[in-house]
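# Structural characterization, general
Given next are the chains, with one letter for each unit.
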Amino acid sequence: MPIAKPAPSIPSVSSAPSAADTPSSPASPASPASPASPAGGAVLSPLGLFTVLMGAALPMVDFFIVNVALPTIDHDLHAGPAMLEMVVGGYGVAYAVLLVLGGRLGDMVGRRRLFLWGTAAFGVTSVACGLAPDAWTLVAARVAQGAASALMMPQVLATIQATTQGARRTKALSMYSGTAGVASAVGQVLGGVLVSVDLFGTGWRSIFLVNAPVAALALLLTVRAVPETRSEHPTRVDGRGTALLSLTLVSLLLPLTEGRSAGWPVWSWVLLAVFPFAAVAFVVVERREERAGRTPLVPPSLLRIHSVRSGLALLVPFSIGWGGFMFVVAVALQEGLRLGPLAAGVALVPLCLTFLLGSMVGPRLGARYGRRAVTAGTLIQATGLITLVATFHWGWGGLGALGLAPGLAVLGLGQGVLLPLTLRTVLSEVPATQAGVGGGVMITTQQSFMALGVATLGTLFLSLAPSVGMRDALTITLGAQLAAVAVTLLLSLRLPRAVG
């Protein structure tokens, strides 16, 4: 197994000009104080924060919710391994490719407006997924769902950055970060529950159909509680940069996601050969755009901010390990330990609970200990992973959800401390008027490498399982994730001393 026109709007609030609107000076990156005041006095109420976090949870949940439903989808639609990987990969690739563009469009035409459009599109495409009559229709609907997610997601962080300050921003970003991690694990738990309950005989379709009422509620609350913000001096879309970034991500993620199940055809190797040239061309074009006084899709000066650069670097190995782990464990629990969808989902509850706990105590630890809190979170994560490797290796026979609880609980605690502090660090020095592009770059990094983790660690696991068995394939794959954790540990030492 493989893996509207918006309602009458609240008066628009414009942000003051900044590097997002005028050429950025490489010599003067944004200072930590630059995002201190909300855009034009707009304030995000508690209900508004709840609303955007609800919207943020939807794409995160849907990246993982499908994992535990794949066997049922395969049985119902006769999909086959290649199609199942496209159900997972199509969503992830479309989501990752369009995230930065979604952030830039929000800065230009209004973040609340883009959030409304994206949420409405997400609800419609979710219904299309749930009603798909065959595998190809499901794949197409999942790609469209990923594109809708890319419109929604950058607006969440951008709105928080532009409408909060001080302690309120710290709390809001902590809640966002906690949502980001918990939703990933909750996705698989919820997927297992919905497939097992078989609401109204819908089976796996309920994992998509359940999004529609949630999206409708988010739309109503957004109109009522979320203020509009945008850049005061909108800039044109960087067409060349958008095309090159899309080509870069597609040429890497598509062959790695689909190549194995398709037997590594010629097109997969051609795309992999294109990747380095597309990446270099993207960097060159973005530098030229900024030097010429235009606004590139990803301003190179933004990446010269220490907190952005070091935080994104740490997100790379973490996201590879996290995305791969969630996929591989979903397969191992069902195909290896023969747990049903409900039991496989419930097994992850300890991870959800301790991740939430870690995300709550993490900000206090970060305020007191700085980057050492991130390092400590990484070490706790490693301890949990080692515990899981030992549990799987020596306790495979008869292993159930209870036996996995200690390792998963420690793993979730470490990740709950690490991830929120890292996300807050990335955004800590981003100007409010660059909040959309800053959030888009961060989420693109996270999402792209999560998809890459599914592709690489998933491929490793699925390639080894037929020859060495499910247990040994899993322990080897988790060993590879431990190597990624070791890299995360080293990179945590390069974060700013004061994190978040």
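Refer to the structure presented above.
What counts as what
Residues numbered from 1 in each chain as written. Predicted model: local features only at pLDDT ≥ 70, side-chain atom pairs only at ≥ 80, totals over all residues. Heavy atoms only, no water. Core = buried A, V, L, I, M, F, W, Y, C linked by side-chain atoms within 4.5 Å. Buried < 20%, exposed > 50% of the residue type's maximum accessible area, 1.4 Å probe, protein only. Helix = DSSP H or I, 4+ residues; strand = E, 2+ residues; numbered from the N terminus. Contact = heavy atoms within 4.5 Å. Expected span 1.5 Å × (residues − 1). Bend = angle between axes of the 7 residues up to and from the residue. Axes fitted to C-alpha atoms, helices over the stretch in contact; angles between N-to-C directions. Parallel < 35°, antiparallel > 145°, perpendicular 65-115°, else oblique. Left-handed = near helix turned anticlockwise from the far one by under 90°. Salt bridge = Lys/Arg side-chain N within 4 Å of Asp/Glu carboxyl O. Polar contact = N/O pair within 3.5 Å; in protein donor to acceptor, adjacent residues only side chain to side chain. Phe/Tyr/Trp six-rings, centres within 6.5 Å; stacked < 30°, edge-to-face > 60°.

### A look at the nonpolar core
Ranked by size, the top nonpolar core spans 132 residues in total, and within it Leu138, Tyr176, Phe325, Phe392 and Met442 carry the most contacts. It is helix H12 (residues 306-336) that contributes the most residues to this core, 14 residues altogether. With residues near it in sequence (within four places) discarded, Tyr176 still touches Leu53, Ala56, Met60, Met153, Val156, Leu157, Ile160, Leu423, Met442 and Ile443.

### Quick look at helix H14 (residues 349-369)
Here H14 contains 21 residues, and its C-alpha end-to-end distance of 29 Å stays within 8% of the 30 Å for a straight helix at 1.5 Å per residue. In the structure, H14 departs most strongly from a straight axis at Val361, where the bend amounts to approximately 35 degrees and where the proline Pro363 lies between one and four residues downstream.

### Side note on the packing of helix H1 (residues 46-65) against helix H8 (residues 211-225)
Between H1 and H8, the shortest axis-to-axis distance is 9 Å and the interhelical angle comes to 150 degrees. Classed by the angle they form, the pair H1 and H8 counts as roughly antiparallel. In terms of crossing hand, the pair formed by H1 and H8 is left-handed. Facing H1, whose interface residues are Leu47, Gly48, Phe50, Thr51, Met54, Leu58 and Asp62, H8 presents Asn211, Val214, Ala215, Leu217, Ala218, Leu221, Thr222, Arg224 and Ala225.

### Overview of unusual backbone geometry
With a phi close to 50 degrees, Trp264 is a non-glycine residue in the positive phi region. Within the element layout of this structure, Trp264 appears in the loop between helix H9 (239-258) and helix H10 (266-291). The exposure class assigned to Trp264 is partly exposed, which follows from its relative accessible area of 30%.

### Observations regarding the pattern of salt bridges
Side chains that differ in charge, positive against negative, can pair when their charged atoms come close. Counted by the stated rule, this structure contains seven salt bridges. A salt bridge links Asp76 to Arg205; the nearest nitrogen and oxygen atoms lie 3.9 Å apart. In this pair, Asp76 sits in helix H2 (residues 70-77) while Arg205 sits in the loop between helix H6 (166-197) and helix H7 (206-209), placing the two residues 129 residues apart along the sequence. A salt bridge links Arg304 to Glu290, with the shortest nitrogen-to-oxygen separation between them at 3.6 Å. Here Glu290 lies in helix H10 and Arg304 lies in the loop between helix H11 (300-303) and H12, a separation of 14 residues in the sequence. What makes Arg304 partly exposed here is its relative accessible area of 37%. Residue Glu290 is classed as buried on the basis of its relative accessible area of 9%.

### Brief notes about the side chain of Thr445
Locating Thr445 in the fold gives a position in helix H17 (residues 435-468). From its side chain, Thr445 meets the backbone oxygen of Val441 in a polar contact 2.9 Å long.

### Re the environment of Gly106
Here Gly106 shows up in helix H3 (residues 80-109). For Gly106, a relative accessible area of 0% gives the class buried. On a C-alpha basis, the gap between Gly106 and Thr159 in space is 9.5 Å, while along the polypeptide they are 53 residues apart.

### Description of the packing of aromatic side chains
Within a pair of aromatic rings, the relevant descriptors are the distance that separates the centres and the angle that separates the planes. Within this structure, the stated rule accounts for six aromatic pairs. On the basis of an interplanar angle of 85 degrees and a centroid distance of 6.2 Å, the ring pair of Trp204 and Phe208 is categorised as edge-to-face. Neither Trp204 nor Phe208 differs from the other in exposure class; each is buried. Residues Phe392 and Trp396 carry aromatic rings whose centres are separated by 6.1 Å and whose planes lie at 55 degrees to one another, so their mutual orientation is tilted. Across the pair, exposure class does not vary: Phe392 and Trp396 are buried alike. An aromatic cluster is defined as three or more aromatic residues linked by ring pairs; in this entry it consists of Phe318, Trp322 and Phe355.

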